[in-house]
Amino acid sequence: MSSQSPSSQPVPPFNGVLNEQCQLLLSGIAALLLLESAAAITLVWAYWFTPLAHQPLLIWLGVIAVIQVARLLVLPYCRRRLDAQETMPFCRRMLSGLALSTPLLLGLAGYLFNPLETLFSPQMLGAQLVCACLGLGLSVMALAAYSSHFPTVFLYLVMLLGPAVTRLAETQQHHPFSLVVLMSLLGLFFLVAARRINRTGHQAMMLQASNRSLIDYLNRARSDAEALNEKLAQEIYERKEARQRLQETNERLESMVQERTQALGETNTALAATSERLELALEASNIGLWDWMLDTGRNYHTNFDRLLGYDSAYFKNFFGDLETLVHPDDLTRIRRAMVSHFKGEDSRYHAVYRLRHADGSWRWIEDEGRVVSRSRDGRATRMIGTRRDITDDRQSQEQQRLAATVFENAPEGIFILDQAFRFLAVNARFEQITGYSESLVIGRRILEDEQTHANRDVYLGITSALKENGFWEGEISERRRNGEMFPEWLQMSAVRDEQKRVIRYVGMMSDLTARKETEQQLQFLSNYDRLTGLANRTQFREHLHKSLTLARLNREKVALLMIDLDRFKPINESLGHEIGDRLLKAAAERIAQHAGGEESLARVGGDEFTLLLENHGGEGSISQQCQKLINAMKKPFLIDGHELLLGASIGISLFPDTAKEAQSMINQSDMAVYQAKRSGGNNFQFYRSNMRVASVEQLALETSLRKAIFKNEFVVYYQPKMELASNRITSVEALVRWQHPTMGLLPPADFIPLAEETGLISAIGELVLERSCRQAHKWHKQGLGNICVSVNLSAHQFRKGNVAEIVDRVLSTTELPPHLLELELTESLIMEDMEQNIELLQQLRTRGIELALDDFGTGYSSLSYLKRFPVDTLKIDRSFIMDLDKSPDDAAITRAIIDMAHSLKMNVIAEGVETEDHLSILRDMHCDSIQGYLISRPVPENELLELLHTQAYRQQLKVDN
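Since the model is a prediction, treat every value here as computed from it, not as a measurement.

Visitor: What am I meant to see in the overall build of the protein here?
Guide: Looking only at helices and strands, the protein has 33 helices and 26 strands in total. Put simply, the protein has 961 residues, and 42% of those count as buried. Contacts in the protein between residues far apart in sequence, at least 24 positions, make up 62% of those at least 6 positions apart.

Visitor: Please explain the sheet that holds strand β1 (residues 287-293) as it appears in this structure.
Guide: Across a sheet, strands are paired by hydrogen bonds formed along the backbone, either parallel or antiparallel in direction. Across the sheet, which stays open at both edges, the five strands sit in the order β2-β1-β5-β4-β3 with antiparallel pairing between neighbours. At either end of the open sheet lies a strand with only one pairing partner, and these are β2 (299-301) and β3 (349-356). Each strand axis lies, on average, 20° off the axis of its neighbour in the sheet, ignoring direction. Of the strand pairs in this sheet, β1 and β2 are connected by three bridges, and their pairing is antiparallel. In the sheet register, Trp292 faces β2, and the bridge partner there is Asn299. Here helix α11 (residues 328-342) sits on the sheet in contact with β1, β3, β4 (362-374) and β5 (380-389), set at roughly 160° to β3.

Visitor: Is there a simple way to think about the pattern of salt bridges in this case?
Guide: Pairing is possible between side chains that carry opposite charge, provided their charged atoms lie close to one another. In the structure shown here, the tally under the stated rule is 26 salt bridges. Here Asp330 ties to Arg354 by a salt bridge, and the two come within 2.9 Å at their closest N and O atoms. Taken together, the residues span a long stretch of sequence, with Asp330 in helix α11 and Arg354 in strand β3 at a distance of 24 residues. Here Glu542 ties to Lys546 by a salt bridge, and the two come within 3.4 Å at their closest N and O atoms. Linking Glu542 with Lys546, this pair stays in helix α17 (residues 537-554), spanning four residues, or about one helical turn. Taking relative accessible area as the criterion, Glu542 reaches 11% and is therefore assigned buried. By sharing partners, the salt bridges in this structure join Lys721, Glu733, Glu822, Glu824, Lys875 and Glu911 into a single network.

Visitor: Please clarify how the packing of helix α24 (residues 761-781) against helix α33 (residues 941-960) should be interpreted in this entry.
Guide: As a packed pair, α24 and α33 sit with axes 12 Å apart at the nearest point and diverge in direction by 30°. Taken together, α24 and α33 sit at an angle that is classed as roughly parallel. Here the hand of the crossing between α24 and α33 comes out right-handed. Facing Arg771, Gln775 and Trp779 of α24, the residues of α33 in contact are Glu941, Leu944, Leu945 and Leu948. Residue classes in the contact of α24 with α33 are distributed as four nonpolar, one polar and two charged.

Visitor: What's the story with α33 in this structure? I'm lost.
Guide: Every α-helix carries 3.6 residues per turn, so stepping three or four residues along brings you back to the same face. If you check α33, its first and last C-alpha atoms are 28 Å apart, about what 20 residues at 1.5 Å a residue would give, namely 28 Å. Looking at α33, one finds that the buried residues are Leu944, Leu948 and Gln951. The buried residues of α33 occupy an angular sector of 60° when projected down its axis, which confines them to one face. Away from its buried face, by an angle of more than 90 degrees, α33 presents the exposed residues Glu946, Tyr953, Arg954 and Asp960.

Visitor: In this structure, what is going on with unusual backbone geometry? I would like to understand it.
Guide: Peptide bonds are trans in most cases, and residues, glycine excluded, mostly fall at negative phi. Here the amide bond leading from Phe655 into Pro656 is cis, since omega sits at 5°, within 30 degrees of zero. With respect to the helices, strands and loops of the structure, Pro656 is situated in the loop between β16 (647-655) and α21 (662-678). Even without being a glycine, Phe421 presents a positive backbone phi close to 60°. Position of Phe421 relative to the elements: it lies in the loop between β6 (413-417) and β7 (423-426). Given a relative accessible area of 6%, Phe421 falls into the buried group. Phi at Glu815 is positive, roughly 60°, even though this residue is not glycine.

Visitor: Just checking my understanding: could you explain the nonpolar core for this structure?
Guide: Nonpolar side chains tend toward joint burial in soluble globular proteins. Core analysis: the largest hydrophobic core is formed by 82 residues, its most contacted members being Leu821 and Leu823. For this core, the element with the highest residue contribution is α24, accounting for eight residues. Those residues in contact with Leu823 that lie beyond four places of it in its chain are Leu769, Val791, Leu793, Val807, Leu844, Ile849, Glu850, Leu851 and Ala852. Ile29, Leu32, Leu82 and Tyr146 belong to the second largest nonpolar core, which has 43 residues in total.

Visitor: In this structure, what is going on with a nonpolar patch on the surface? I would like to understand it.
Guide: Side chains of Trp45, Trp48, Phe49 and Leu58 sit close together on the surface and give an oily, nonpolar patch of about 500 Å² of accessible area. Structurally, Leu58 is set in helix α2 (residues 54-83).

Visitor: Would you explain the pairing of strand β25 (residues 907-911) in this entry?
Guide: For a regular strand, side chains alternate in direction, first toward one face of the sheet and then toward the other. In terms of burial, β25 is a largely internal element, four of the five residues being buried. Bridge analysis of strand β24 (residues 873-876) against β25 gives four bridges, and the strand direction is parallel. For Leu874, the partnering residue across the bridge sits in β25 and is Val908. Two elements, β25 and strand β26 (residues 929-931), share three bridges in a ladder whose sense is parallel. What sits directly across from Ala910, in β26, is Ile930. Since β25 and β26 lie parallel, the crossover through helix α32 (residues 916-924) that links them has a hand, and here it is right-handed.

Visitor: So what exactly am I meant to see when it comes to the state of the cysteines here?
Guide: In protein structure, a disulfide is the covalent linkage between the sulfur atoms of two cysteines. Throughout the structure, instances matching the rule amount to zero disulfides. Of all cysteine sulfurs, the one in Cys788 lies closest to Cys773, which takes part in no disulfide; the gap is 9.3 Å.

Visitor: Is there a simple way to think about the sheet that holds β7 in this case?
Guide: Strand order in the open sheet formed by five strands is β7-β6-β10-β9-β8, with antiparallel pairing between adjacent strands. Edge positions in the sheet fall to β7 and β8 (471-479), since each has one partner strand and no second. Across the sheet, the axes of successive neighbouring strands diverge by a mean angle of 25°, strand direction being ignored. As paired elements, β6 and β7 share three bridges and run antiparallel to each other. Each residue of the ladder has a partner; that of Phe415, found in β7, is Val426. Against the sheet, helix α15 (residues 456-469) touches β8, β9 (485-496) and β10 (502-511), its axis set at about 165° to β8.

Visitor: Teacher, can you tell me more about the confidence of the model for the protein here?
Guide: Predicted coordinates in areas of low pLDDT are best not read in detail. On average, residues of the protein score 80 in pLDDT, and 84% of them are at 70 or above. A low-confidence stretch, residues 1-14 stays under pLDDT 50, and its non-local contacts, those more than four residues away or across chains, total 15 contacts.

Visitor: Could you clarify how one ought to interpret the side chain of Glu713 in this entry?
Guide: Following the sequence through the fold, Glu713 ends up in the loop between α22 (696-711) and β18 (714-723). Despite its burial, Glu713 pairs with no opposite charge; the closest candidate is Lys711, at 4.4 Å N-O. A polar side-chain atom of Glu713 sits 2.9 Å from a polar atom in the side chain of Trp738. Beyond its immediate sequence surroundings of up to four residues, Glu713 is in contact with Ala708, Arg737, Trp738, Gln739 and Pro741.

Visitor: Explain the pairing of strand β22 (residues 821-825) to me, please; I cannot follow it from the model alone.
Guide: Most of β22 sits out of view: five of its five residues are buried. A two-sided burial pattern is seen for β22, the buried positions comprising Leu821, Leu823 and Leu825 on one face and Glu822 and Glu824 on the other. In terms of strand pairing, strand β21 (residues 788-792) meets β22 through four bridges, oriented parallel. Of the residues in β22, the one forming a bridge with Val789 is Leu821. Alignment of β22 against strand β23 (residues 850-856), held across four bridges, turns out to be parallel. Bridge pairing in β23 links Glu824 to Ala852.

Visitor: Would you mind going over the packing of aromatic side chains with me for this structure?
Guide: Given two aromatic rings, one states the distance between the centres and the angle between the planes to describe the pair. On inspection of all chains with the given rule, the structure shows 12 aromatic pairs. Aromatic pair Trp60 and Phe113: ring centres 5.4 Å apart, planes at 80°, arrangement edge-to-face. Note that Trp60 is positioned in helix α2 and Phe113 in the loop between α4 (103-112) and α5 (122-146), a separation of 53 residues in sequence. Here Phe113 falls in the buried class, since its relative accessible area comes to 3%. Aromatic ring contacts, followed pair by pair, group Tyr47, Trp60 and Phe113 into a single cluster. The lysine or arginine in question, Arg480, covers the ring of Phe486, its NZ or CZ lying 4.1 Å from the ring centre.

Visitor: Looking at this structure, how should I read the environment of Lys634?
Guide: Mapped onto the fold, Lys634 is located in helix α20 (residues 619-634). Among residues more than four places away in sequence, those in contact with Lys634 are Leu645, Leu646 and Asn682.

Visitor: What should I look at first to understand helix α31 (residues 888-903) in this one?
Guide: Here α31 spans 22 Å end to end across 16 residues, near enough to the 22 Å set by a 1.5 Å rise per residue. Here α31 has its buried residues at Asp889, Asp890, Ala891, Ile893, Thr894, Ile897, Ile898, Met900 and Ala901. The positive-phi residue at the C-terminal boundary of α31 is Lys905, with phi of around 60°.

About the thresholds
- Residues numbered from 1 in each chain as written.
- Predicted model: local features only at pLDDT ≥ 70, side-chain atom pairs only at ≥ 80, totals over all residues.
- Heavy atoms only, no water.
- Helix = DSSP H or I, 4+ residues; strand = E, 2+ residues; numbered from the N terminus.
- Buried < 20%, exposed > 50% of the residue type's maximum accessible area, 1.4 Å probe, protein only.
- Contact = heavy atoms within 4.5 Å.
- Pairing = 2+ DSSP bridges.
- Axes fitted to C-alpha atoms, helices over the stretch in contact; angles between N-to-C directions.
- Salt bridge = Lys/Arg side-chain N within 4 Å of Asp/Glu carboxyl O.
- Parallel < 35°, antiparallel > 145°, perpendicular 65-115°, else oblique.
- Left-handed = near helix turned anticlockwise from the far one by under 90°.
- Nonpolar A, V, L, I, M, F, W, Y, C, P; charged D, E, K, R; others polar.
- Expected span 1.5 Å × (residues − 1).
- Arc of directions from axis to C-beta.
- Core = buried A, V, L, I, M, F, W, Y, C linked by side-chain atoms within 4.5 Å.
- Patch = residues over 30% accessible without salt bridge, like charges linked within 9 Å, V, L, I, M, F, W, Y side chains within 5 Å.
- Areas by Shrake-Rupley, 256 points an atom, 1.4 Å probe, with all protein chains shown as cover.
- Right-handed = clockwise from strand over helix to strand, strands pointing away.
- Disulfide = S-S within 2.5 Å.
- pLDDT = per-residue confidence, 0-100.
- Lys, Arg positive; Asp, Glu negative; His and termini not counted.
- Polar contact = N/O pair within 3.5 Å; in protein donor to acceptor, adjacent residues only side chain to side chain.
- Phe/Tyr/Trp six-rings, centres within 6.5 Å; stacked < 30°, edge-to-face > 60°.
- Lys NZ or Arg CZ within 6 Å of the ring centre and 35° of its normal.

The structure is reproduced here in structure tokens:
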């Protein structure tokens with residue numbers, strides 16, 4: 001620690017002033033070196049044009065140049081000495097000498113270049129004035145550069161100005177006094193100026209040196225303080241460490257004393273009771289010790305009370321006690337093992353048997369022992385051994401055997417791999433699935449088999465996932481040993497030890513061949529008629545949509561033939577459904593035979609068939625085809641000895657002549673079939689526009705329909721939808737009704753087709769949309785919950801192209817939040833101009849409006865298009881729900897639709913739910929919502945309001961309870 005008092009002030013050292021003087025001298029020399037060189041060159045140039053000889057000028061300039069070069073070489077040496085703080089007085093003397101090495105030579109120029117006879121002559125006056133100016137200028141610069149050292153500046157001025165003054169003195173030999181006065185004044189001026197500058201500079205240097213000394217002092221003080229703090233911290237740390245070591249030493253001493261005391265106590269205890277210590281050791285090891293004196297029957301037992309629940313005193317006779325406690329099936333085995341050891345056949349006695357525990361249970365016991373003493377005649381007299389409860393070990397072995405049994409008999413293929421993905425074991429099911437026996441795969445890596453090269457990238461991904469996540473599962477396509485490909489579901493998991501290191505990989509594989517076949521069968525049942533093998537309604541609509549799409553692209557024509565069998569219903573009712581089914585199958589085969597194949601033929605109802613004719617040759621060609629079908633159906637059918645006669649009525653719709661979309665073609669062909677049947681059957685009819693508007697009643701209905709819009713005769717009914725998760729009404733579907741002044745309340749089926757045909761559907765749809773949104777906003781404001789209202793959109797509204805503008809205007813007018821509005825549309829509507837309609841639906845969805853696909857399953861239900869539709873909800877058509885509890889096919893299709901919708905992140909609503917059985921089945925299928933008469937029929941606003949109030953009241957009661 002420093003002994004310097006904090007209050008003591010540092011005294012600036014003498015070397016500090018010397019250093020400042022030397023620094024100033026060094027910088028002055030560097031500055032004047034350039035000025036003196038420039039002055040010498042200027043002076044030679046001035047006298048070069050005078051009568052003075054050039055040779056002296058050049059000699060003088062050469063001497064000046066040599067001296068300046070020498071000074072330039074010496075300056076770096078002086079700077080190094082100065083930076084090294086070496087012998088400051090010597091450095092100052094050396095620098096003073098360098099400063100005074102040139103002024104005398106420069107001063108001699110004023111004397112030598114100005115002979116007495118040329119002074120103030122016109123030829124020399126200009127050069128002499130330059131010489132005088134340069135002398136005075138260098139004098140002033142010397143005052144500034146060398147004023148830090150008065151002797152140097154004094155001598156510099158004397159040497160620089162002395163020769164010139166001497167030459168001037170020679171011109172004033174007759175008047176020396178005036179010259180002396182003049183020179184004295186000039187010298188006094190320079191002397192006073194030099195002294196004043198020297199004193200000022202000296203004070204500045206003293207102050208600067210003092211500041212530097214103070215800074216050095218402060219730095220040293222700070223360093224000393226930091227060192228002192230570090231030393232104090234080190235001392236504190238050492239004291240704490242010493243205290244800690246002392247405490248640890250005390251604790252160790254105390255521990256050692258305690259341990260020594262305990263050891264002495266244990267030693268004394270061991271010396272006093274060695275047997276007790278042995279008994280404790282045996283007890284700790286869960287082993288019982290027995291000592292049997294065969295000659296006296298006396299025996300000694302330890303730890304048996306814990307092993308078997310008996311007191312050691314219970315065993316009075318070793319073998320006799322065994323006979324009473326050992327399982328009867330194991331007693332012979334014990335006796336045989338003991339006799340074999342007594343006779344010397346076995347070196348040790350070993351037996352595993354069951355012994356009855358004190359609680360009545362049987363425990364597995366393992367005995368180990370040997371004879372330690374024999375009599376003179378070789379008879380065993382003493383035997384010592386141990387007894388151990390191995391019940392847990394036996395159970396573990398049983399578990400292992402059970403696991404091995406499960407491994408070998410599992411319905412899935414199981415295999416075990418090591419860390420390098422080499423096979424360690426496979427079960428029998430693995431061999432059955434792959435065809436590879438255990439001997440062919442053990443020790444081989446998965447990727448070593450040539451059969452796996454096709455799936456190499458897949459297996460590399462699996463191994464990477466296992467290393468990263470420890471688990472992988474998925475479906476892959478694998479090849480059996482015979483080369484057959486099969487689908488496989490594979491699950492693999494990493495097995496880790498206690499240190500979380502992977503030690504094994506366990507895989508389970510399932511052959512998905514049967515499942516795929518079942519799925520294909522389900523797919524077949526969902527698209528084809530089970531009775532006839534023809535396409536069903538779903539497949540027919542899909543085929544129709546595809547045909548119309550291609551026809552639009554290729555500008556081709558399509559004809560839809562709706563074939564209805566005549567006289568089938570009486571036959572079916574009189575002879576029974578079995579004969580009716582066989583008749584239908586035979587009729588389907590005959591139609592297919594004369595229709596050119598089954599590709600374009602479908603069964604869409606009980607006795608209704610459809611036939612698509614693509615790129616047909618016109619009405620004449622179609623007429624020939626229809627007549628051929630009618631003639632074929634006139635031939636009798638022989639079913640179980642019955643000769644049955646059928647007929648066929650055919651209705652034809654043409655694209656694009658009479659219909660532009662699928663549903664219109666279906667409707668038109670239905671009307672044409674109806675007309676054919678009204679004409680007596682066994683004929684065909686092309687759809688004509690007059691079929692719809694042929695009667696005066698229809699014309700009157702159309703007129704009334706146009707007036708109804710202006711008379712506000714349309715009313716909106718609402719059918720609730722119940723969410724199965726909460727059992728609450730969360731949305732309603734708006735359904736329009738016509739309150740006709742004379743015909744009463746008309747359902748949509750009576751006027752919607754006419755409204756679509758006349759173009760009034762857009763106005764009706766806009767009216768229903770606005771009224772429904774206004775009502776939903778009212779429910780929302782009344783606190784009845786966020787009831788979403790669903791409104792159906794027609795194809796006519798889409799064709800006008802202003803659906804988005806109408807929806808925006810209605811939402812703005814009614815102030816209904818967009819998420820409380822759901823628009824329902826059909827697949828055929830979207831498919832009419834798919835790209836444009838999908839873009840429109842995207843616009844609606846970005847506004848927050850929900851979109852639902854209505855009547856799903858009856859239209860063009862293709863996943864390739866469905867995944868592109870921006871819809872939130874699928875509505876399963878009521879045709880699948882009506883026989884849900886009776887038809888396995890309908891149930892399978894419904895489940896498939898629900899699973900598919902959930903996989904596409906869509907909600908599902910089932911329409912037409914009318915019974916509790918329907919509800920129960922749909923709950924099991926995890927359907928989201930239901931709609932149907934089970935919940936409520938379509939009701940007017942006031943009745944729905946009562947339902948919502950009742951629901952809100954029940955909800956409030958639940959909250960209060």
